[in-house]
Amino acid sequence: MINLSRATYDIQSGTLTGKDSEIVRAQRTISNTLGMYANREGLDQATLDRLNYRVEVLKVDEVEGGLQFGTSYLYPGTINGEYFMTKGHYHAITNRSEFYLCLKGEGLLVLMDRDRRWWTEKVMPNSLHYIPGDVAHRLINTSDEILTVLACWNSDAGHDYASIEEEGFSVRYFKIDGKPTPVEQG
Ligand code: M6P
Ligand code: ZN
């Protein structure tokens, strides 16, 4: 017997298609993510209502040995000069790793180890990024188009957002003189 696959994946656009019950879709507006930006002064309602990013993930059981697969769509823009970014996280099971593959757009992958040492990798179409365990990861969109990134990670990894909410990343990226500029944080 030949069965159809559970879902299809459009490698050009990142679109995951399948039964609604099989795909998790989530979106975050700027009002949902505002706390992660350095300067939150003077934002109008239209800015707060803008989409910061959305994700589509194929539903799988979060078991040891499993894999999750999905797409992040990170919108372009800045908040008082700071580029739109994802929340970023460590994995709750700290040794779990992940791949990112950029399909479209341009940006930076910010990585940070437990000693708060940071580095970045340039994200551009076809760039493939390996994120080892115990390394926090966040995407930043430095372009004027949606940054589309496929992600595949251990399905039991979980997300540790709390560490980032408490301590932040040790670098932020601002658009200064039109260019992505790192500003180190304490
Ligand atoms: C990728 C994966 C997901 C993650 C998503 C958004 O698709 O890393 O696990 O949830 O990006 O990133 P974040 O959870 O940091 O907002
Ligand atoms: Zn991750």
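Just above, that's the structure.
Residues numbered from 1 in each chain as written. Chains lettered and ligands numbered in written order. Predicted model: local features only at pLDDT ≥ 70, side-chain atom pairs only at ≥ 80, totals over all residues. Heavy atoms only, no water.

Novice: Residue-level account of the coordination of the zinc ion (ligand 2), with values.
Specialist: Protein coordination at the zinc ion (ligand 2) comes from His89 (NE2), His91 (NE2), Glu98 (OE) and His137 (NE2), with a distance range of 2.0 to 2.2 Å. Around the zinc ion (ligand 2) sit four donor atoms, and with donor-metal-donor angles ranging over 85 to 158 degrees the site reads as irregular. Expressed as a motif, the donor residue spacing for the zinc ion (ligand 2) is H-x1-H-x6-E-x38-H. (Donors = N, O, S within 2.8 Å, 3.2 Å for Na, K, Ca; no water. Tetrahedral: all angles 85-135°; square planar, octahedral: opposite > 155°, others 65-115°.)

Novice: Requested: an account of the sheet that holds strand S9 (residues 107-112), with residues and values cited.
Specialist: Each strand in a sheet pairs with another by means of backbone hydrogen bonds, the pair being arranged parallel or else antiparallel. Pairing within the open sheet is antiparallel, and its three strands lie in the order S10-S9-S12. What marks the edges here is a single partner per strand, and that holds for strand S10 (118-123) and strand S12 (136-141). Pairwise comparison of adjacent strand axes, ignoring direction, gives a mean angle of 25 degrees for this sheet. Of the strand pairs in this sheet, S9 and S12 are connected by six bridges, and their pairing is antiparallel. Each residue of the ladder has a partner; that of leucine 108, found in S12, is isoleucine 140. (Pairing = 2+ DSSP bridges. Helix = DSSP H or I, 4+ residues; strand = E, 2+ residues; numbered from the N terminus. Axes fitted to C-alpha atoms, helices over the stretch in contact; angles between N-to-C directions.)

Novice: So what about the sheet that holds strand S8 (residues 98-104)? Which residues, and what values?
Specialist: The antiparallel open sheet is built from six strands, whose spatial order is S3-S4-S5-S13-S8-S11. Edge strands, defined here as strands with exactly one partner in the open sheet, are strand S3 (23-29) and strand S11 (128-131). Ignoring strand direction, the axes of neighbouring strands in this sheet form an average angle of 20 degrees. Both S8 and S11 contribute to a ladder of four bridges, which runs antiparallel. Counterpart to glutamate 98 in the pairing with S11 is isoleucine 131.

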